[in-house]
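Working through the structure, step by step
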Amino acid sequence: MEQAGLLWKLQALVQEVYTLQNKEGLRPLAAHLKDLQENIKNGEEESRKLLREVTALEKMILAQEESINKQMEAVKNGKDKLYSSKGGSLKELLSQQQALAKMEAEVQKTENAYWETQKRMEDLKAADKQTKEIIKTLKLQYNEGVKKYNAEKNHLEIKIAELQLKQDEVKEKLKPETLKLFVDKEKLFPINPVAVLKGGFCTGCHISIPSHLALHIREGKEFYSCDNCGRILINNLNS
Ligand SMILES: [Zn+2]
């Protein structure tokens, strides 16, 4: 029965579309793009955080510079006072010298802190530079991924459109009532509305078919459905 063969062919085309639509092809690519997007977002967040820290350190450096200048000014005044002092007692001189030495130690301490802050700021700037390089690389990868995804998607769409054209060709050859039967059963069994009578069994549900029904199906004058699952049953096409 030619119509049965056409139904079988139509089902094969429907299954091919189904396989393509559910193919893993696009899913890993989409997941990869999502990961990249997430990493870019995190990288940008990290970079903003680093820059905020750099700004805070810049302010700190300015304050430290100011404080060094003030302390040095105080040391200078102390020295001037010490060198120009006349007639003071030895005790007073010693006390002035001690105060001066203390002030100089303070300057040294502030300078050390200043250089430490500078170093920390340079480290943060370097870290930010590195983060930005990583973001750049991730963005390149993302753009490449989008291209690949779109190419794969177009490829799939073209293939599916081709299969749908083939389906239309088969549908045109089907009698209207046969096509209606297929369409109705397809709603119940989207990928296999047609089963085959094989060795007395329905290939859809694997239940044995009563002999009188099997006889009708083998005659192939009209279409019958499986009593058990309801799929269209056609005779084994190879027998
Ligand atoms: Zn069945």
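Residues numbered from 1 in each chain as written. Predicted model: local features only at pLDDT ≥ 70, side-chain atom pairs only at ≥ 80, totals over all residues.

1. Considering the overall build of the protein chain
Stated formally: Under the scheme used here, helices are H or I runs from DSSP no shorter than 4 residues and strands are E runs no shorter than 2 residues, and both carry numbers assigned from the N terminus. Each radius of gyration is computed over the set of C-alpha atoms, and the globule rule expresses the reference value as 2.2 Å times the number of residues to the power 0.38. In this description, any two residues whose backbone-derived C-beta atoms lie within 7 Å of each other are considered to be in contact.
Helices and strands together make up the secondary structure of the protein chain, namely five helices and four strands. Along the protein chain, helices and strands appear, N-terminal first, in the series α-α-α-α-β-β-α-β-β. For 239 residues, the compact-globule formula gives about 18 Å, and the C-alpha radius of gyration of the protein chain, at 43 Å, lies well above that figure. Counting only C-alpha atoms and orienting by the principal axes, one finds that the protein chain spans roughly 140 × 30 × 25 Å. Sequence-distant contacts in the protein chain: of pairs separated by 6 or more residues, those separated by 24 or more amount to 77%.

2. Focus: the nonpolar core
Applied cut-off: A set of buried Ala, Val, Leu, Ile, Met, Phe, Trp, Tyr and Cys residues, joined through C-beta atoms within 7 Å, is what we mean by a nonpolar core. Exposed residues have 12 or fewer other C-beta atoms within 10 Å of their own C-beta, buried residues have 20 or more, and residues in between are partly exposed; the C-beta atoms are placed from the backbone. For the domains described, the bounds stem from an automatic or database domain assignment.
The biggest cluster of nonpolar side chains holds 19 residues, and the ones touching the most others in it are L7, A195, I232 and L233. Built from parts of two domains, this core gets at least three residues from each of domain 1 (2-174) and domain 2 (177-235). Sequence-distant contacts of L7, that is, excluding residues within four places in its chain, are made with T178, F182, V194, I232 and I234.

3. Re the packing of helix α2 (residues 26-84) against helix α3 (residues 90-173)
Applied cut-off: Helix axes are fitted to C-alpha atoms over the stretch in contact, other axes to C-alpha atoms as well, and angles between N-to-C directions run from 0 to 180 degrees. Angle categories are assigned with fixed cut-offs, so that under 35 degrees is roughly parallel, over 145 is roughly antiparallel, 65 to 115 is roughly perpendicular, and the rest are oblique. In this scheme, a crossing is called left-handed if the near helix is turned counterclockwise away from the far one by less than a right angle; it is called right-handed if the turn is clockwise. Classification used: nonpolar for Ala, Val, Leu, Ile, Met, Phe, Trp, Tyr, Cys and Pro, charged for Asp, Glu, Lys and Arg, polar for all others including Gly.
At a minimum axis separation of 6 Å, α2 and α3 run at an interaxial angle of 165°. Put simply, α2 runs roughly antiparallel to α3. Considering how the two elements wind past one another, α2 and α3 form a crossing that is left-handed. In the contact of α2 with α3, the residues fall into 32 nonpolar, 17 polar and 18 charged.

4. Side note on unusual backbone geometry
Its identity as a non-glycine residue notwithstanding, H206 has a phi of 65°, on the positive side. Mapping H206 onto the fold places it in the loop between β2 (201-202) and α5 (211-219). Among the residues examined, H206 registers 11 C-beta atoms within 10 Å and is labelled exposed.

5. Re the sheet that holds β2
This is how the line gets drawn: Here the rule is simple: two strands pair whenever DSSP picks up at least two bridges between them.
In space, the four strands of this open sheet follow the order β2-β1-β4-β3, with mixed pairing throughout. Sheet topology places β2 and β3 (224-225) at the edges, where each strand pairs with a single neighbour. Both strand β1 (residues 194-198) and β2 contribute to a ladder of two bridges, which runs antiparallel. Looking at the pairing, K198 lines up with F201 of β2. Contacts from helix α1 (residues 2-21) reach β1 and β4 (232-235), with the element oriented near 120° to β4.

6. Section: the domain arrangement of the protein chain
When its domains are assigned, the protein chain resolves into domain 1 (2-174) and domain 2 (177-235). Its C-alpha centre places domain 1 at a distance of 62 Å from the equivalent point of domain 2. A total of nine residues in the side of domain 1 that touches domain 2 trace back to one element, the largest contributor, which is α1. Tallied by class, residues from the side of domain 1 that touches domain 2 come to seven nonpolar, three polar and one charged.

7. With respect to the pairing of β4
In terms of strand pairing, β1 meets β4 through four bridges, oriented parallel. Residue pairing in the sheet places V194 in a bridge with I232 of β4. In this structure, β3 lies alongside β4, joined through two bridges in antiparallel fashion. Bridging across to β4, Y224 finds its partner in L233. Counting the residues that bridge the hairpin from β3 to β4 gives six residues, and of these G230 lies at a positive phi of roughly 95°.

8. Remarks on α1
For clarity, the cut-off: Working rule for helices: expected span equals 1.5 Å times residues minus one. To be clear, the arc concerns the directions from the helix axis to the C-beta atoms.
With 20 residues, α1 ought to run about 28 Å at 1.5 Å a step, and its terminal C-alpha atoms sit 29 Å apart, in line with that. For α1, the complete set of buried residues consists of L6, L7, L10, Q11 and V14. For α1, the buried positions fall inside an angular range of 140° around the axis, keeping them on one side. Among the exposed residues of α1, those pointing more than 90 degrees away from its buried face are E2 and T19. Packing partners of the buried residues in α1 comprise α3, α4 (176-188), β1 and β4.

9. A look at the environment of E65
Note that E65 resides in helix α2. Expressed as a C-alpha distance, the spacing of E65 and T110, which sit 45 residues apart in the sequence, is 8.6 Å.

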